[in-house]
Amino acid sequence: MGILEDWGWDARWAEAFGADAAKGLFPARLVEEQRGLFQIMSAKGVASARTTGNMRHKAEGRADLPAVGDWIAAEFPPHEKVALIRRILPRRTKLSRKAAGDVMMEQVIAANLDAVLVMTALNAEFNPRRLERFLTVSRESGAEPVLVLNKLDACPDAAALLEQARSIAGDAAVIAVSAKTGAGLEALNAWIKPGRTVGLVGSSGVGKSTLVNRLAGNEKIKTAETRSTDERGRHTTTHRQLFVLPGGGILLDTPGMREMQFWEADQGLAKTFDEIEALAPNCRFKDCAHAAEPGCAVKAAVAAGTVLQDRIDAWRKLKREASAEARRKDPAPQPNEKQQWKTANKAQRKRIKEKKK
Ligand SMILES: Nc1nc2c(ncn2[C@@H]2O[C@H](COP(=O)(O)OP(=O)(O)OP(=O)(O)O)[C@@H](O)[C@H]2O)c(=O)[nH]1
Ligand SMILES: [Mg+2]
Ligand SMILES: [Zn+2]
């Protein structure tokens, strides 16, 4: 197997790359991003890369620019060591959230993930409502979600939390592990396979980088103790990076995310709350909010004890959030949003210029 295959290249990507080879371009994967500066991996090895002015000019938002995990067509301009990214091959999956702040803009956290490990720790960090949000975003991406409960070694009674996790996981597998001792990690082999890309997401301090180090068999990535008072992490990882494991398989480490606001969520919500969505057609009213309406099948299920009230409350809250975001997206971006994007774009160009010096 060549380098590109180690990083996930296959016949379908070769087909998508297609005629770009005739234009003197080469295929590469974006393996690292730090504040708009990219590292790519190609058959020639690792190189720094930047976007072309044309790509930045045409981009209507950040989502049109490369993200970690993207396959791209690139070239080295004469006498330059920094590669130029000419084209992004169509993404198979896309893990997105709404960019932080007031701007209504999509931020692609990672592209072309096959699976997303939604990670939490079996301690005060464990929060079903947060997990539902992460599961929704992961499902919306098109990748397969897996719920990973870490720090099994430090949890005297994991059974109750495992049970709770299973009750909200739907069709996602729930796996308890210890990145520290290695307990339970073999169960992840069903997803971590040669050529497959698996992303890790979750709050700071749950042990994402520790898990990557453990599976890679080294201590390449820095990790740090959580605060003993509340188990919160210290935002140790600050950028996204792909790693190839010695036994094959590609892992994406990400910084702990404080915010995971929805960009698109309809499909993700339908799958995450499938027990509610499945009952909804039986409600008397088509637009039933499963609150005080008569003839509500979901409320009847709560009364019968087959659906938890907590789940309805969570579903309603996330639904409301998703439709509020959808309303803000439509109509077209406000002039001031466009201006903010331009300013951000300019700052990035400046950073790239500085890097080139
Ligand atoms: N007891 C125990 N501690 C763990 C385990 N996994 C990670 N830790 C510890 O948890 C702390 C945080 O781990 P990190 O790997 O830095 O967490 P992270 O999710 O990468 O955090 P950010 O990079 O800030 O998002 C470190 O002190 C780890 O040693 C585990 O399975 N058991
Ligand atoms: Mg980390
Ligand atoms: Zn109803």
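This structure is a prediction, so every number in the text was calculated from the model and none was measured. (Residues numbered from 1 in each chain as written. Chains lettered and ligands numbered in written order. Predicted model: local features only at pLDDT ≥ 70, side-chain atom pairs only at ≥ 80, totals over all residues. Heavy atoms only, no water.)

1. Considering the packing of aromatic side chains
Between two aromatic rings, the relevant description is the distance of the centres plus the angle of the planes.
Thought 1: Counted according to the given criterion, the structure contains four aromatic pairs.
Thought 2: Where tryptophan 13 meets tryptophan 71, the ring centres are 6.2 Å apart and the plane angle is 35°; that geometry is what we call tilted. Linking tryptophan 13 in helix H2 (residues 11–17) with tryptophan 71 in strand S4 (residues 71–75), this pair joins segments that are 58 residues apart in sequence. We note that tryptophan 13, like tryptophan 71, is buried.
Thought 3: Centroid distance phenylalanine 26 to phenylalanine 76: 5.4 Å. Interplanar angle 25°. Geometry classified as stacked. Of the two residues, phenylalanine 26 is situated in strand S1 (residues 26–34) and phenylalanine 76 in the loop between S4 and strand S5 (83–88); the sequence distance between them amounts to 50 residues.
Thought 4: With a relative accessible area of 10%, phenylalanine 26 lands in the buried category.
Thought 5: Among the aromatic residues, those joined into a ring-pair cluster are Trp9, Trp13, Phe17 and Trp71.
Thought 6: Geometry around phenylalanine 26 places lysine 44 over its ring, the cationic atom sitting 4.8 Å from the centre.
Thought 7: The lysine or arginine in question, arginine 133, covers the ring of phenylalanine 262, its NZ or CZ lying 5.3 Å from the ring centre. (Phe/Tyr/Trp six-rings, centres within 6.5 Å; stacked < 30°, edge-to-face > 60°. Helix = DSSP H or I, 4+ residues; strand = E, 2+ residues; numbered from the N terminus. Buried < 20%, exposed > 50% of the residue type's maximum accessible area, 1.4 Å probe, protein only. Lys NZ or Arg CZ within 6 Å of the ring centre and 35° of its normal.)

2. A word on the coordination of the magnesium ion (ligand 2)
Thought 1: Surrounding the magnesium ion (ligand 2) are the protein donor atoms Ser209 (OG) and Thr237 (OG1), at 2.0 to 2.1 Å. Taken as a pair, serine 209 in helix H6 (residues 208–216) and threonine 237 in the loop between H6 and strand S12 (240–244) lie far apart in primary sequence, 28 residues in all.
Thought 2: What makes serine 209 buried here is its relative accessible area of 7%.
Thought 3: We classify threonine 237 as buried; its relative accessible area is 14%. (Donors = N, O, S within 2.8 Å, 3.2 Å for Na, K, Ca; no water.)

3. A closer look at the pattern of salt bridges
Thought 1: Overall, the coordinates contain 18 salt bridges when judged by the stated rule.
Thought 2: Here arginine 87 makes a salt bridge to aspartate 20, at a shortest N to O gap of 2.7 Å. Residue arginine 87 is found in strand S5, and its partner aspartate 20 is found in the loop between H2 and S1; the two are separated by 67 residues along the sequence.
Thought 3: Under the relative-accessibility criterion, aspartate 20 is labelled buried at 4%.
Thought 4: Of the charged contacts in the structure, one is a salt bridge between glutamate 275 and arginine 311, with a shortest N-O distance of 2.8 Å. (Salt bridge = Lys/Arg side-chain N within 4 Å of Asp/Glu carboxyl O.)

4. Concerning the domain arrangement of the protein chain
Thought 1: Per the domain assignment, the segments of the protein chain are domain 1 (3–90) and domain 2 (95–253).
Thought 2: On a C-alpha basis, the centroid separation for the pair domain 1 and domain 2 is 26 Å.
Thought 3: Counting from both sides, the interface comprises 19 residues of domain 1 and, opposite them, 18 residues of domain 2.
Thought 4: On inspection of domain 1 and its partner domain 2, the count reaches eight residue pairs in polar contact (both at pLDDT 80 or more).
Thought 5: Contributing elements (two or more residues each) for the side of domain 1 that touches domain 2: helix H1 (3–6) and S1.
Thought 6: The element contributing the most residues to the side of domain 1 that touches domain 2 is S1, with six residues.
Thought 7: Split by residue class, the side of domain 1 that touches domain 2 holds eight nonpolar, four polar and seven charged. (Domains from an automatic or database assignment. Contact = heavy atoms within 4.5 Å. Polar contact = N/O pair within 3.5 Å; in protein donor to acceptor, adjacent residues only side chain to side chain. Nonpolar A, V, L, I, M, F, W, Y, C, P; charged D, E, K, R; others polar.)

5. A word on the side chain of glutamate 33
Thought 1: Structurally, glutamate 33 is set in strand S1.
Thought 2: Buried and unpaired, glutamate 33 has arginine 240 as its nearest opposite-charge partner, separated by 4.7 Å.
Thought 3: Beyond its immediate chain neighbours, meaning those up to four positions away, glutamate 33 contacts Phe38, Pro66, Ala67, Val68, His239 and Arg240. (Lys, Arg positive; Asp, Glu negative; His and termini not counted.)

6. Quick word on unusual backbone geometry
Thought 1: Non-glycine residue histidine 235 carries a positive phi angle of around 50°.
Thought 2: If you trace the backbone, histidine 235 turns up in the loop between H6 and S12.
Thought 3: Using a relative accessible area of 28% as the deciding quantity, one classes histidine 235 as partly exposed.
Thought 4: Positive phi outside glycine occurs at histidine 290, with the angle close to 55°.
Thought 5: Summarising the element assignment, histidine 290 is placed in the loop between helix H8 (274–279) and helix H9 (297–304).
Thought 6: A residue is classified by how much of its surface remains accessible, and histidine 290, at 2% relative accessible area, is buried.

7. Topic: the coordination of the zinc ion (ligand 3)
Thought 1: Within the first shell, the zinc ion (ligand 3) binds the protein through Cys283 (SG), Cys288 (SG), His290 (ND1) and Cys296 (SG), at distances of 2.1 to 2.4 Å.
Thought 2: Around the zinc ion (ligand 3), the four donor atoms are arranged such that angles at the metal cover 104 to 116°; this shape is classified as tetrahedral. (Tetrahedral: all angles 85-135°; square planar, octahedral: opposite > 155°, others 65-115°.)

8. Digging into the site of ligand 1
Thought 1: Lining the immediate environment of ligand 1, one finds 23 residues, of which Asp153, Ser204, Thr210, Thr237 and Gly256 sit closest.
Thought 2: Within the contact set of ligand 1, an oxygen atom lies 3.1 Å away from a backbone nitrogen or oxygen of lysine 180.
Thought 3: Calculation on ligand 1 without its partners gives an accessible area of 660 Å², and the protein chains cover 90% of this total.
Thought 4: At three residues, H6 tops the list of elements feeding residues into the shell around ligand 1. (Near = heavy atom within 4 Å. Areas by Shrake-Rupley, 256 points an atom, 1.4 Å probe, with all protein chains shown as cover.)

9. Side note on empty space enclosed by the protein
Thought 1: The final tally for this structure, using the stated rule, is two cavities of 30 Å³ or more.
Thought 2: Around the second largest cavity sit Met119, Thr120, Glu125, Arg130, Leu131, Phe134, Gly202 and Ser203, which together line it.
Thought 3: Breaking the lining of the second largest cavity down by element, the ones donating at least two residues are strand S8 (115–121) and helix H4 (128–141).
Thought 4: No other element matches H4, which puts three residues into the lining of the second largest cavity.
Thought 5: Looking at the lining of the second largest cavity residue by residue, the classes come out as three nonpolar, three polar and two charged. (1 Å grid on protein atoms, 1.4 Å probe; cavity = no way out; pocket = protein on both sides within 12 Å on 5 of 7 lines; lining within 4 Å. Points joined across faces, edges and corners; volume = space filled by probe spheres on them.)

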